[in-house]
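Chains, contacts and geometry: an overview
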Amino acid sequence: KEIQSSVEDFVIGQLEPTLADDVRPVIDVRWQNDISISVIGDPEIRVRRASSRPLRGPSVVKVGIDVDGKTYKTMSITADVRIFKPVLVAVHRIDRGELIEEDFFKLVESDVTALRGHYFTDKIQLEEMRMERMLSEGGILTDKHVGHIPIVKRGEAIRIVARVGRMEMTTDGTAMQDGSKGDRIRVKNVDSG
């Protein structure tokens, strides 16, 4: 029990400076075999990182047991570190191409340890967006699922404006790809091709 508490305290101490207030770490400490030391005295437990890898998911730490300044046992122990945070999850299946509505998602504390990419924590972040991939009920919404609604569609007639200093030239063009606000897209000059 003391080893488990020492490892948990160590991991939380390492994580605390990087964790936001709404994040909750859960640490499951595991090792094989019982530990017995036949020495008289009060044992001191030392915990340190086994590598510089971030403490996320299954992480190995080194534990040493000292008595009166002498090390009697060293071992590697796995601390399975899970990070829980309130994130937006789908309240029902949402198909590709659907425009996002506020009631599509709810905030639920979820395990974000292994999530790749950016996840969303506020519905305001989803304004003017649509689904780029299907998301099942209960699925965590990430940046891989969404995209901005295009304001220019491929093949649409557009106005090309070129400015150099105080000189401005305009011509007709065609959008060669979809584009959202702030995107750079390829265009074709209708006159010159």
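Predicted, not measured: the structure shown is a model, and the values here were computed from it. (Residues numbered from 1 in each chain as written. Predicted model: local features only at pLDDT ≥ 70, side-chain atom pairs only at ≥ 80, totals over all residues. Heavy atoms only, no water.)

Things to note about a nonpolar patch on the surface
Together, V164, M167 and M169 give the surface a local cluster of nonpolar side chains, amounting to about 330 Å² of exposed area. Among the secondary structure elements, M169 is positioned in strand 9 (residues 167-175). (Patch = residues over 30% accessible without salt bridge, like charges linked within 9 Å, V, L, I, M, F, W, Y side chains within 5 Å. Areas by Shrake-Rupley, 256 points an atom, 1.4 Å probe, with all protein chains shown as cover. Salt bridge = Lys/Arg side-chain N within 4 Å of Asp/Glu carboxyl O. Helix = DSSP H or I, 4+ residues; strand = E, 2+ residues; numbered from the N terminus.)

Points about the layout of surface pockets
Each pocket or cavity is described by its volume, and for the largest pocket that value is around 170 Å³. Forming the boundary of the largest pocket are I151, V152, I158, G179, S180, K181, G182, D183, I185 and V187. Among the residues making up the lining of the largest pocket, the classes are represented as 5 nonpolar, 3 polar and 2 charged. (1 Å grid on protein atoms, 1.4 Å probe; cavity = no way out; pocket = protein on both sides within 12 Å on 5 of 7 lines; lining within 4 Å. Points joined across faces, edges and corners; volume = space filled by probe spheres on them. Nonpolar A, V, L, I, M, F, W, Y, C, P; charged D, E, K, R; others polar.)

A short note on the pattern of salt bridges
Counted by the stated rule, this structure contains 10 salt bridges. One salt bridge connects D28 with R30, and the closest N-O pair in it is separated by 3.5 Å. The partly exposed category is assigned to D28, whose relative accessible area is 39%. Of the charged contacts in the structure, one is a salt bridge between D80 and R82, with a shortest N-O distance of 3.2 Å. Looking at D80, the relative accessible area reads 12%, which means it is buried. R82 gets classed as partly exposed once you look at its relative accessible area, which sits at 25%. Several salt bridges converge on common partners, so that one network encompasses D28, R30, D80 and R82. (Buried < 20%, exposed > 50% of the residue type's maximum accessible area, 1.4 Å probe, protein only.)

Observations regarding the sheet that holds strand 9
An order of 8-9-10 is seen for the 3 strands of this open sheet, with the pairing classed as antiparallel. In this open sheet, the two edge strands, each paired with only one partner strand, are strand 8 (157-164) and strand 10 (187-189). For this sheet, the mean inter-axis angle between neighbouring strands, taken without regard to orientation, is 50°. Across 3 bridges, strand 9 lies against strand 10 in antiparallel orientation. Each residue of the ladder has a partner; that of A175, found in strand 10, is V187. (Pairing = 2+ DSSP bridges. Axes fitted to C-alpha atoms, helices over the stretch in contact; angles between N-to-C directions.)

A word on unusual backbone geometry
Despite not being glycine, D68 has its phi angle at roughly 50°, a positive value. Summarising the element assignment, D68 is placed in the loop between strand 3 (57-67) and strand 4 (70-90). Exposure remark for D68: the relative accessible area of 70% places this residue in the exposed category. Here the phi dihedral of E128 falls at roughly 60°; this positive angle occurs in a residue that is not glycine. Residue position: E128 is located in the loop between strand 5 (105-111) and strand 6 (129-131).

Concerning the nonpolar core
Generally speaking, nonpolar side chains in soluble globular proteins are found buried as a group. Within the largest apolar cluster, 23 residues are counted, with the highest numbers of intra-cluster contacts made by V7, V11 and V63. Every element with two or more residues in this core is listed here: helix 1 (2-15), strand 1 (24-30), strand 3 and strand 4. Excluding residues that lie within four positions of it along the chain, V63 makes contacts with I3, V7, I45, R46, V47, K73, T74, M75 and I77. Core analysis: the next-biggest nonpolar cluster, separate from the first, contains 13 residues, L88, I94, I100 and L126 among them. (Core = buried A, V, L, I, M, F, W, Y, C linked by side-chain atoms within 4.5 Å. Contact = heavy atoms within 4.5 Å.)

As for the pairing of strand 3
Of all 11 residues in strand 3, 8 are buried, a share of seventy percent or more. Across 7 bridges, the pairing between strand 2 (residues 43-49) and strand 3 is antiparallel. Each bridged residue has a counterpart across the sheet, and for I45 the counterpart in strand 3 is I65. With 11 bridges joining them, strand 3 and strand 4 adopt antiparallel strand pairing. Bridge pairing in strand 4 links G64 to T74.

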